[in-house]
Structure formats: C-alpha cells, structure tokens
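Coordinate inspection notes
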Amino acid sequence: MASLSLRGIHKVYPGDVTAVNDFNLEIEDKEFVVLVGPSGCGKSTTLRMVAGLEEITKGELYIDGKLVNNIPPKDRDIAMVFQSYALYPHMTVYNNMAFGLKLRKMPKAEIDRRVREAAQILGIEALLNRKPAALSGGQRQRVALGRAIVREPKVFLMDEPLSNLDAKLRVQMRTEITKLHKRLQTTFIYVTHDQMEAMTMGTRIVLMKDGVMQQNDTPQNLFDHPANLFVATFIGTTQMNIIKVKLVPREGKMYAEFENNSIRVPDAIVKRMKSDRYIGKEVYLGIRPENMHDEEEFIAASPDSLIDVSVEIVELMGSETYLHLQTSGKDDNVVARVDPRSPARAGDKIPVALDANRLHFFDVETEKTILNRV
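Anyway, here's the lowdown on the structure attached to this text. (Residues numbered from 1 in each chain as written. Predicted model: local features only at pLDDT ≥ 70, side-chain atom pairs only at ≥ 80, totals over all residues. Heavy atoms only, no water.)

Structural notes on the environment of Arg174
Heads up, the rule is: Going along the chain from the N terminus, every DSSP run of H or I of four or more residues is numbered as a helix, and every run of E of two or more is numbered as a strand. Note on contacts: a residue pair is in contact if any heavy atoms of the two residues lie within 4.5 Å. Distance and chemistry together define a polar contact, namely a pair of N or O atoms within 3.5 Å, with one atom able to donate a hydrogen and the other to accept it when in protein, and with adjacent residues in sequence counting only for side-chain atoms on both sides.
Among the structural elements, Arg174 can be located in helix 5 (residues 167-184). Separated by 44 residues in sequence, Arg174 and Thr218 have C-alpha atoms that sit 18 Å apart. Residues within four places of Arg174 in sequence aside, it is in contact with Leu162, Met196, Glu197, Thr200 and Met201. In this structure the side chain of Arg174 is engaged in a polar contact, spanning 3.1 Å, whose partner is the side chain of Thr200.

Given below as structure tokens:
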C-alpha cells in the first residue's frame, strides 16, 4: 500500500515542447485516482513519470514519503497495465503471469500460489494453459491485470487499459476493475480519455488540458461545480449548453438576458457570485441538457425561466430523447434531454423551461466559474 506525492512536476521534451506543466497532486493510500482529458493533455506522460518510464524534467515524486526521481522502474514497487496488453504470444497465460516473478527468482511454490490466486480473483482459472491468440480481448485484458496483481505492488498504474475493447465489454471490465480495487485495497492510478470511465470508476478525478491540471475533485463535485468552461463542457455524456448572456438587475431581481430571452436568476445563485462586478456585464451561462424541460407542468411552474425554441432534430434513444433546438441569440443548437414520450417533433416551435437552480456562470475572459460552492 502506498501514498504518492507529485510536487511541481514538469516534463519538457526536446524542442522546448512542454507535455506536463507544474503538476501537483497528493494521492492517499488505497485511493482510486483517474487522470482524464483529451488526447495530448499529458495524462499518459504523467503516469509514465510515476512509473519511471519517463524522466522528470523538474519537480519531485515521492512514493510512501521516499523520493524516487532517480530510482529505476523495477525498484519502485509499482505495476503497470498498458493499452496493448503486451502479452508474450508464445507463452501460456500461466507463464505470462508468472514471468516477472521468475525473473525475481521467487520460489516456485510462491509463484504458483500467486498466479492461481490472481486467476481465481479474475475468473480465468480455466484459461491458464491457453496462449494469448486463443483468448478474446476481454480475456487478454484480464491476463494483463493478473500479471500486475501477482506482483502484489504498492501502486497499480493503468494506461487506457479498456480502449481496445468493444463498448459492451468496456462496461463489463469497468465494473470488474472497480471490484478489483475494492478487493485488493491498493492504490490505483488510472488514465483514460473517456469521461464516462472516469466518472464511474474514480474516487477522485484529475482533469487535464494542455499539460495543466484543470480540476482535482470527486466525480460529483466535478459535475456539480466545474471550475471552468473546459471542465463544464468535458464532463457530462452530452456536454453542457453554453450561452453568452448579460446579467441585468431589474426591480431587485437578477436576469440573464440574450436576444428576446430573459431568465430569472434565483437569489441563492446570485448570492454565490464571487463578485458584483459581473452585474450589467456579459458572462457565459451554462445549463446541462437534463436541466431543460418541455413538460407542460414544468413550463407552467417556471414562467421566469422559459426560452422560445424551434425543434430542429429529435433523437429517440429509447430511455430518453434528445432535442436539438434553435433559439434566438445563439448560433449553434442547444440540446435538451427530455422524457422519451415527449411529443416534440422536428419543426415545432415550443417553449422550454430551464431549471434555474441548476444554472452555471463563467467569466467571458478567463472562462473560470464566477460562482462559489454552496
């Protein structure tokens, strides 16, 4: 078991290409931390520096309080699972899992115990005599996990381990890895570009962009309290709608206005604004698709948060419906996630109610949130 401390970590490649910039992160023992972000954001590079596969340009990395910058990978007591599985094709599953232990001159009885125990945990006992070519993608991924488990490391590092699997198998393996973490009670650091994986697996998520940490938080806080516009639009299966509005005070109340639309901002949200300098100024309003409603009862109950829209596209998903809507004052569509039995059809002109208690606001220049947390 291990805690990790990354202090002022930088990675600069030849040509002055900065991959990771001033990265600071404290990871507690037994945590499941997910590094997430778009391709090229520096998440895999960060993981590889923890593993010792990439040299740290600047900064300090501690594992269990011990500085490990100059300690080789084999002596860091970590195990890494790669995207490509990296199994030896000529070896059986058993020998693939045992190979690293044999290199360490571990007694045969101990190797056998660890391999069979890991196989039992992963449900691959019947596969031990097969070779990788005879395995499915999910089975190969389990073998790769097993090879890491047998080492009984302090830290598990996983670099996009599910990206080569089909959608159904990814969901299944996502659950299996979460169960594995709970069973092993070991520190996990997991890298993915898939925000759904991050939200469902991590006890804590680190969202990165252009080598810089954007937010380090629990999945729920990341969703409910995005630190900036990038976080707001990256997290969420259908991204947050963003509209440029003007905050206008009128008769003791605050309104967010754009073109012919005026939305009353609840007093509770006004009180959370970090500064009154935004009053009378343009800001970005954010609203998630699930917080936009076309039900008659919601519309009747929300006269101060209605916008008029034209329905352009209706996507029927079975359990829900996505409405792509055009409204004055916004060039591209806004998207509402509504009840699957919604009567809305393409070409309809309808009112849509925003759940004003779920509004987000961001500074136009810095793109940072202008709201304090509750």
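Observations concerning the sheet that holds strand 18 (residues 334-338)
Cut-off, in case you're wondering: At least two bridges found by DSSP between two strands is the condition for calling them paired.
Strand order in the open sheet formed by five strands is 15-19-16-17-18, with antiparallel pairing between adjacent strands. Because the sheet does not close on itself, it has two edges, and the strands there are strand 15 (292-293) and strand 18. Examined bridge by bridge, strand 17 (residues 321-326) and strand 18 share five bridges and lie antiparallel to one another. Pairing of Leu323 across the sheet is with Ala336, part of strand 18.

Concerning the packing of aromatic side chains
To be explicit about the condition: Pairing of aromatic side chains here covers Phe, Tyr and the six-membered ring of Trp, requires ring centres within 6.5 Å, and sorts the geometry by plane angle: under 30 degrees stacked, over 60 edge-to-face, intermediate tilted. Under the scheme applied here, a residue whose accessible area is under 20% of the maximum for its type counts as buried, over 50% as exposed, and between as partly exposed, the area being computed with a 1.4 Å probe on protein chains only.
Counted under the stated rule, the structure contains five aromatic pairs. Aromatic side chains Tyr88 and Phe99 sit 5.0 Å apart centroid to centroid with 65° between the ring planes, which places their arrangement in the edge-to-face category. Linking Tyr88 in the loop between strand 6 (78-81) and helix 2 (93-103) with Phe99 in helix 2, this pair joins segments that are 11 residues apart in sequence. Take Tyr88: its relative accessible area is 33%, and that puts it in the partly exposed class. Ring pairs connect the aromatic residues Phe32, Phe156, Phe188 and Tyr190, which therefore count as one cluster.

Describing the nonpolar core
Spelled out, the test is: For our purposes a nonpolar core is just a set of buried Ala, Val, Leu, Ile, Met, Phe, Trp, Tyr and Cys residues, chained together by side-chain atoms within 4.5 Å.
In this structure, Met97 and Ile177 are the most contacted members of the largest nonpolar core, which totals 49 residues. A per-element tally of this core places helix 3 (residues 108-122) first, with six residues. For Ile177, the contacting residues outside a window of four places in its chain are Phe32, Leu145, Met158, Pro161, Leu162, Phe188, Tyr190 and Met201. The next biggest cluster of nonpolar side chains, apart from the first, holds 32 residues, and it includes Ile243, Ile263, Leu285 and Val334.

Here we look at the environment of Val143
You can see Val143 is positioned in helix 4 (residues 137-149). On the basis of relative accessibility, which here comes to 1%, the residue Val143 falls in the buried class. Ignoring anything within four residues of it in the chain, the contact list for Val143 reads Leu87, Val93, Asn96, Met97, Ile124 and Leu135.

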